[in-house]
Number of protein chains: 4
Amino acid sequence: MTFALCVMECRKPGQSRYTTARSENDRVEILSGVFEGRTTGTPIGLLIRNTDQRSKDYARIKNLFRPGHADYTYQQKYGIRDYRGGGRSSSRETAVRVAAGAIAKKYLRERFGVHIRGYLAKLGPIAAMQLDWDEIGRNPFFFPDASRVDELKHYLDALRKDGDSVGARINVIAHSVPVGLGEPVFDRLDADIAHALMSINAVKGVEIGDGFACVEQRGSEHRDEIMQNGFASNRAGGTLGGISSGQDILASIALKPTSSIRTPGKTVDITGDPAVIETHGRHDPCVGIRAVPIAEAMLALVLMDHVLRDRGQNADVPRPLRER
Amino acid sequence: MTFALCVMECRKPGQSRYTTARSENDRVEILSGVFEGRTTGTPIGLLIRNTDQRSKDYARIKNLFRPGHADYTYQQKYGIRDYRGGGRSSSRETAVRVAAGAIAKKYLRERFGVHIRGYLAKLGPIAAMQLDWDEIGRNPFFFPDASRVDELKHYLDALRKDGDSVGARINVIAHSVPVGLGEPVFDRLDADIAHALMSINAVKGVEIGDGFACVEQRGSEHRDEIMQNGFASNRAGGTLGGISSGQDILASIALKPTSSIRTPGKTVDITGDPAVIETHGRHDPCVGIRAVPIAEAMLALVLMDHVLRDRGQNADVPRPLRER
Amino acid sequence: MTFALCVMECRKPGQSRYTTARSENDRVEILSGVFEGRTTGTPIGLLIRNTDQRSKDYARIKNLFRPGHADYTYQQKYGIRDYRGGGRSSSRETAVRVAAGAIAKKYLRERFGVHIRGYLAKLGPIAAMQLDWDEIGRNPFFFPDASRVDELKHYLDALRKDGDSVGARINVIAHSVPVGLGEPVFDRLDADIAHALMSINAVKGVEIGDGFACVEQRGSEHRDEIMQNGFASNRAGGTLGGISSGQDILASIALKPTSSIRTPGKTVDITGDPAVIETHGRHDPCVGIRAVPIAEAMLALVLMDHVLRDRGQNADVPRPLRER
Amino acid sequence: MTFALCVMECRKPGQSRYTTARSENDRVEILSGVFEGRTTGTPIGLLIRNTDQRSKDYARIKNLFRPGHADYTYQQKYGIRDYRGGGRSSSRETAVRVAAGAIAKKYLRERFGVHIRGYLAKLGPIAAMQLDWDEIGRNPFFFPDASRVDELKHYLDALRKDGDSVGARINVIAHSVPVGLGEPVFDRLDADIAHALMSINAVKGVEIGDGFACVEQRGSEHRDEIMQNGFASNRAGGTLGGISSGQDILASIALKPTSSIRTPGKTVDITGDPAVIETHGRHDPCVGIRAVPIAEAMLALVLMDHVLRDRGQNADVPRPLRER
């Protein structure tokens, strides 16, 4: 089961100067559900410990509501919050999603040939103009356009110097998806994908296929005509009526800029008094950079869930159910 | 319980020449859960019959997969489909969502003062430049900008003449939302809103707050600072860390153009042979026009679900639970 | 889809003088999910109207809490209750379970050869001493022992004369069950059966296999040994570790005596003042008699749920999922 | 949070010669959801490691299906099984239920004054004739009748000498339960209790209140009359119509005898060849003895679930929801 650890590498920060320097040692411990290298059919428990938490870093902000963070809402909802890095609202929480997604990706690939991959489509003003899948692994940004990587580096360096951050657009794609995934009305595949992707920290928008570009499209232009050898286009992004069509699933997300920046911001403390906050901790200038494997993982988990609904929870083993 | 019937009026087509001429008489029958004018706490069953279905209209398309429709995916998934208007994938299905949403809206308003309303923000190239809530009820488009209503009418007339359709953007807002709705990780309020809105027919994108505009925003610009009298802005759109902040919930959706148009389109029939399809039935040139009450209903249902989680299913009645 | 109406006959009261005289005309209307005689894969909606409700019968008890009924708990929980026959707590509610169960039984039988049947094992002091499946359809009690049917009739006549009622034990069996149904820990098949059967009105106990007789059994006696041609016995009742073993599922339930009897009983009214209640309406002297088809239906629904989990929701249609 | 460790003591075996000698060191590690001694409102993760697993003990039975165990069904369902102690079907799995139940018990007690306790009502032929709550803690059997403790010891010694085991009946009671817990139809409190208790390993029967004794009771005898100062009796066991009445919840379970005994039993191996099995490992002669805290835990978890539904997930903290 080393695949989990292997895939985890993708999310691990500290791999370049453009992501945080914390040595998050995302070691995954498999607690249950695996025996002699195979899944047993029973639930798989995964544990990732936070080994590099520096609680003292957070002492200063213990009584402050950081703008753009969940401090205020958690405090209001629960009357208590774990201020050491945000607790459940920390982006650390996504580590276990990537781990679970690694299992889903492996299952989908080996069993059905589904292949899921993503990339940084735009960071602030800098959009990828071409999609070179091979380039994605060559730069620390999951960026598919080699011609603009230098520009990206300079932009991020300037941003860091400014003590500021920026948003990003991530695209994620599933190839060779079985036709027929998704249920009518309540558990539409596109709705489940929207739920999964919007549940990622900092995501503020989700698109399937042409997304918001549809607003200005005409019906004669948008609807994907069907030829004898398949669909003539894929503006729908792989679902029709909430059910997968067998075309590639195309999803896109918008991530807000990191809220923890050096630029001072106004806030109040827990007693309601005004305060100014500057964050000097270890934070990425763009959380979007690291969101690619998280988005891939969430898409994989949704697809796996629907495959298991359609084919049964034990799709992977010969089933002894007798049929007449 | 006439409120349900009353609110239903909003979705009823045939109210102008810009929406389909079918006399969908959306009469709601309350089957259970209401006694002597009050809800009993047990499930409320609603039934809306389709009284104006003209099955013969659909005979021509019985064996064709209409491009942009769920015909192909339903047939592939189930091996059978109700071709008379699409069955579960028909936009008729949304009628009962509006009915259920009417109950949720009433409950939220009377119990917590939550007020939910929406409008057509953009139709094809025509965007509302100002937000005049009073104007929305004065035109048949839920459009908030009186200065562009004529332009909208001419655009739609031309579209109809062309036998074509167009997409739309709908904005929906909840005012006076309680702080603290939403659960960490799995049932974030924003994720549930994305799920609910993406589950509406023809929706291809969902935004919370600034949505995709975040991609180009800086952290110093995006994060909503907190003053002693509240938040200084609302770029987040009312949630922080997936939990409502008490600010207005702001959501936006993209709807694709109607796929059923007079313009001929290529497709295949159920045996795989090529075919050309033209739809001469009664269809809106922009499904987005009627989507406003549907989006309002879905937002109301999500908020009601979360209010009940937080306050208990019986938030509305005095509870006899003893406390120490 | 006449099978549903056909199976419903079983539960319809008024078929002998031993069950209530109300002409409950359990006509099932199929609202959705069926097209041209086949299920479409989308949800099946069933509606059974209560056509013989005599609300005036209940006016006398409007402000009284009937002992043994849900009047008190519904009033306490909700602050309102539908006193006309109990609303959701009425045994009328089970009609739709039988209708849904008819679909499940048909599916399980035709697809997997599963056969579900039940019988009245004991009524008050009168237990069946032999199990003759053919006899069950010949008497109005679902009783499998012809030699004691007369005794049963006299006992019930005397009970009615006394204005009293009595409890019953029902046994329900599923034959030819696929091995492997049930999930570890949370959704064990036996736990789901217990949930389903205990949810039937008036049920106070559930047994799987030998049930409470296990308390005095020894391990050497209870454990079902395994021979080359199968299990040597079936004390377990068809599940091991919460998963079906392929043996018959054996379940047994205890039903309390009807609470609505002519014998006066002490109670209080809604203001807390003491009152005496006598029920002169149309009530069975033993609710257990009519519980046989309900128990069969609930067992069928649980098994169908687990079959679909294991084989996918669309077990019934050829699935186009590609495999490598 | 030492309460969890404290309550865990109850289930820990090896405390007398009547339960297995394995030093199961049930140390609970709290992974999440607790901060500075208080719950944060986010999910509480608990981890109990199996520190004394002797896998070699199980090598002999690797290829055998132990009668009365889940070996056969897991192998059939999954095509693989963790033979080292049964994996998910091991009674070790109940340790974490007791840990979670400890939290639920503490919450229910401190917040609502609910008190949950249980006892061994019968072991084989030896039934408690009196219920002395103080006695339960004085003997290693959770047995409430001091006059029969010696008899119990001799019986168990003889059983061990015989290499055999026996079944048991456990009673569990919740005092001071709030009225109004439970939902109509689907999530009745009694049905949920039946589900929870039947999901415990080795449980074969569940009763609420008078349970199977109802079969021979008359309506005039069974129905609990209501006096001005409350119910005159509690044959119903604390629920009416599936909703708690405020009376004590009374539940009873039957546990089958331990299947792992020294007495040889017939079985087959994984290839279908006949085999004889004798279990010499560390096993209790009556699993029922240790089931008392497990049953208490499950009842507590069900009640807590329903309290949170009724009062909201955050019943414990001041809620900022504004009301008109």
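Residues numbered from 1 in each chain as written. Chains lettered and ligands numbered in written order. Predicted model: local features only at pLDDT ≥ 70, side-chain atom pairs only at ≥ 80, totals over all residues.

### Topic: the overall build of chain A
Stage number 1. The number of helices and strands found in chain A is 8 helices and 15 strands.
Stage number 2. Of all 324 residues assigned to chain A, the portion counted as buried reaches 56%. (Helix = DSSP H or I, 4+ residues; strand = E, 2+ residues; numbered from the N terminus. Buried ≥ 20, exposed ≤ 12 C-beta atoms within 10 Å, placed from the backbone.)

### Comments concerning the packing of helix H6 (residues 189-198) of chain C against helix H6 (residues 189-198) of chain D
Stage number 1. Contact geometry for H6 of chain C and H6 of chain D: axes closest at 8 Å, N-to-C directions at 160°. Between H6 of chain C and H6 of chain D, the interaxial angle falls into the category roughly antiparallel. In the packing of H6 of chain C onto H6 of chain D, the handedness of the crossing is right-handed. In this structure, H6 of chain C contributes Asp 190, Ala 191, Asp 192, Ala 194, His 195 and Met 198 of chain C to the contact, and H6 of chain D contributes Asp 190, Ala 191, Asp 192, Ala 194, His 195 and Met 198 of chain D.
Stage number 2. Residues that form the contact of H6 of chain C with H6 of chain D fall into these classes: 6 nonpolar, 2 polar and 4 charged. (Axes fitted to C-alpha atoms, helices over the stretch in contact; angles between N-to-C directions. Parallel < 35°, antiparallel > 145°, perpendicular 65-115°, else oblique. Left-handed = near helix turned anticlockwise from the far one by under 90°. Contact = placed C-beta atoms within 7 Å. Nonpolar A, V, L, I, M, F, W, Y, C, P; charged D, E, K, R; others polar.)

### A few points about the interface of chain B and chain A
Stage number 1. Contacts between the two partners involve 76 residues from chain B and, on the opposite side, 76 residues from chain A.
Stage number 2. Considering each element in turn, the side of chain B that touches chain A owes the most residues, 6 residues, to helix H6 (residues 189-198) of chain B.
Stage number 3. Per-class residue counts for the side of chain B that touches chain A are 29 nonpolar, 28 polar and 19 charged.
Stage number 4. For strand E8 (residues 203-208) of chain A and strand E8 (residues 203-208) of chain B, the ladder comprises 3 bridges, and the chain directions are antiparallel. Looking at the pairing, Glu 207 of chain A lines up with Gly 205 of chain B of E8 of chain B. (Pairing = 2+ DSSP bridges.)

### Comments concerning the relation of the copies chain B and chain A
Each copy of the chain is related to the other by a rotation around an axis and a translation along that axis.
Stage number 1. Once turned by 180° and shifted 0.0 Å along the axis, chain B lies on chain A with an RMSD of 0.0 Å. Taken together, the rotation and translation describe the operation of a two-fold axis. Considering only C-alpha atoms, the part of chain B nearest the rotation axis is His 195 of chain B, at 2.4 Å.
Stage number 2. Same-surface contact between copies: 100% of interface residues of chain B are shared with the interface of chain A. (Least-squares fit on C-alpha atoms with pLDDT ≥ 70 in both.)

### Quick word on the sheet that holds strand E7 (residues 168-175) of chain C
Strands belonging to one sheet form pairs held by backbone hydrogen bonds; the direction of such a pair is parallel or antiparallel.
Stage number 1. Taken in spatial order, the 10 strands of this open sheet run E6(C)-E5(C)-E7(C)-E13(C)-E8(C)-E8(D)-E13(D)-E7(D)-E5(D)-E6(D), and their pairing is antiparallel. Among the strands making up the open sheet, the edge pair consists of strand E6 (126-127) of chain C together with strand E6 (126-127) of chain D.
Stage number 2. Relative to strand E13 (residues 249-255) of chain D, strand E7 (residues 168-175) of chain D is paired through 7 bridges, and the arrangement is antiparallel. The residue bridging Ala 174 of chain D from the neighbouring strand is Ile 249 of chain D, located in E13 of chain D.
Stage number 3. Relative to the sheet, H6 of chain C contacts strand E8 (203-208) and strand E13 (249-255) of chain C together with strand E8 (203-208) of chain D, its axis offset from that of E8 of chain C by approximately 155°.

### Quick word on the nonpolar core
Stage number 1. Within the largest apolar cluster, 168 residues are counted, with the highest numbers of intra-cluster contacts made by Leu 197 and Leu 299 of chain C together with Leu 197 and Leu 299 of chain D.
Stage number 2. For Leu 197 of chain C, the residues in contact, after removing those within four places along its chain, are Val 203, Val 206, Ala 251, Ile 253, Ala 295 and Met 298 of chain C.
Stage number 3. Counting 167 residues, the second largest nonpolar core, distinct from the first, contains Tyr 78 and Ala 104 of chain A together with Ile 61 and Leu 64 of chain B. (Core = buried A, V, L, I, M, F, W, Y, C linked by C-beta atoms within 7 Å.)

### Considering the packing of helix H6 (residues 189-198) of chain A against helix H8 (residues 291-311) of chain A
Residues and elements named next belong to chain A.
Stage number 1. Contact geometry of H6 with H8 gives a least axis separation of 9 Å together with a crossing angle of 145°. Relative to H8, the crossing made by H6 is right-handed. Listed contacts from H8 to Leu 189, Asp 192, Ile 193, Ala 196 and Leu 197 of H6 are Ala 295, Met 298, Leu 299, Leu 301, Val 302 and His 306.
Stage number 2. Along the lines of polarity and charge, the residues of the contact of H6 with H8 split into 9 nonpolar, 1 polar and 1 charged.

### Description of the UniProt feature "binding site: FMN" (unreviewed entry) in chain A
Residue and element names in this part refer to chain A.
Stage number 1. Per the UniProt entry, the sites bearing "binding site: FMN" (unreviewed entry) are Arg 88, Ser 89, Ser 90, Asn 201, Ala 202, Gly 241, Lys 256, Pro 257, Thr 258, Ser 259, Ser 260 and Arg 282 in this numbering.
Stage number 2. Mapping Ala 202 onto the fold places it in the loop between H6 and E8.
Stage number 3. Among the residues examined, Ala 202 registers 23 C-beta atoms within 10 Å and is labelled buried.
Stage number 4. Those residues in contact with Ala 202, other than ones at most four positions away along the chain, are Leu 255, Lys 256 and Val 287. (UniProt positions renumbered as here; feature names shortened; annotations may be inferred.)

### What to know about the sheet that holds E8 of chain A
Stage number 1. The antiparallel open sheet is built from 10 strands, whose spatial order is E6(A)-E5(A)-E7(A)-E13(A)-E8(A)-E8(B)-E13(B)-E7(B)-E5(B)-E6(B). The sheet is open, and its two borders are formed by strand E6 (126-127) of chain A together with strand E6 (126-127) of chain B, each paired with just one other strand.
Stage number 2. Sheet topology note: the strand E5 (residues 115-123) of chain A/E6 of chain A ladder contains 2 bridges and is antiparallel. Note that in E6 of chain A the partner of Leu 123 of chain A across the bridge is Ile 126 of chain A.

### Focus: helix H5 (residues 149-162) of chain A
Residues and elements named next belong to chain A.
Stage number 1. Between its terminal C-alpha atoms H5 stretches 20 Å, which fits the 20 Å expected from 14 residues at 1.5 Å a residue.
Stage number 2. Turning to H5, its buried residues are Leu 152, Leu 156 and Leu 159. Summarising the axial view, the buried residues of H5 lie within an arc of 60°, below the 170-degree limit, and thus occupy one face. Opposite the buried face of H5, by more than 90 degrees, sit the exposed residues Asp 150, His 154, Ala 158 and Lys 161. (Expected span 1.5 Å × (residues − 1). Arc of directions from axis to C-beta.)

### Regarding the environment of Pro 285 of chain D
Residue and element names in this part refer to chain D.
Stage number 1. With respect to the secondary-structure elements, Pro 285 resides in the loop between strand E15 (274-277) and helix H8 (291-311).
Stage number 2. Since 28 C-beta atoms lie within 10 Å of it, Pro 285 is described here as buried.
Stage number 3. Residues Pro 285 and Tyr 78, 207 residues apart in the sequence, show an inter-C-alpha distance of 30 Å.
Stage number 4. For Pro 285, the contacting residues outside a window of four places in its chain are Leu 156, Leu 159, Arg 160, Ser 165, Val 166 and Thr 258.

### Comments concerning the pairing of strand E15 (residues 274-277) of chain C
Residues and elements named next belong to chain C.
Stage number 1. Bridge count for strand E14 (residues 265-268) against E15 is 4 bridges, and the pairing is antiparallel. Within E15, the position partnered with Lys 266 by the bridge is Val 276.
Stage number 2. Taking the residues between adjacent antiparallel strands as the criterion, E14 and E15 are bridged by 5 residues, where Gly 272 takes a positive phi near 95°.

### Let's talk about the pairing of E7 of chain C
Residue and element names in this part refer to chain C.
Stage number 1. Burial runs high along E7: 7 of the 8 residues are buried.
Stage number 2. For strand E5 (residues 115-123) and E7, the ladder comprises 8 bridges, and the chain directions are antiparallel. Among the inter-strand pairings, His 115 is bridged to a residue of E7, identified as His 175.

### So, the environment of Ala 158 of chain C
Stage number 1. Locating Ala 158 of chain C in the fold gives a position in helix H5 (residues 149-162).
Stage number 2. The class of Ala 158 of chain C is exposed, set by 11 C-beta atoms lying within 10 Å.

### A short note on H8 of chain A
Since the α-helix advances by 3.6 residues per turn, residues separated by three or four positions end up pointing in the same direction.
Residues and elements named next belong to chain A.
Stage number 1. Spanning 21 residues, H8 covers 30 Å between terminal C-alpha atoms, matching the ideal 30 Å at 1.5 Å per step.
Stage number 2. Among the 21 residues of H8, 17 are classified as buried, and the element is accordingly described as predominantly covered.
Stage number 3. Gly 312 lies just past H8 and shows a positive phi near 95°.

### Points about the environment of Asp 224 of chain C
Stage number 1. As for its placement among the helices and strands, Asp 224 of chain C is situated in the loop between helix H7 (219-222) and strand E9 (226-227).
Stage number 2. As for Asp 224 of chain C and Gly 237 of chain C, which are separated by 13 residues in sequence, their C-alpha atoms are 9.8 Å apart.

### Here we look at the confidence of the model for chain A
Residues and elements named next belong to chain A.
Stage number 1. The predicted model of chain A has a mean per-residue pLDDT of 87, with 85% of residues at 70 or higher.
Stage number 2. Low confidence marks residues 1-14, where pLDDT is under 50. Its contacts with residues over four positions away, or in another chain, come to 36 contacts.
Stage number 3. Ignoring residues within four places in sequence, the model shows residues 316-324, a span with pLDDT below 50, making 23 contacts including any to other chains. (pLDDT = per-residue confidence, 0-100.)

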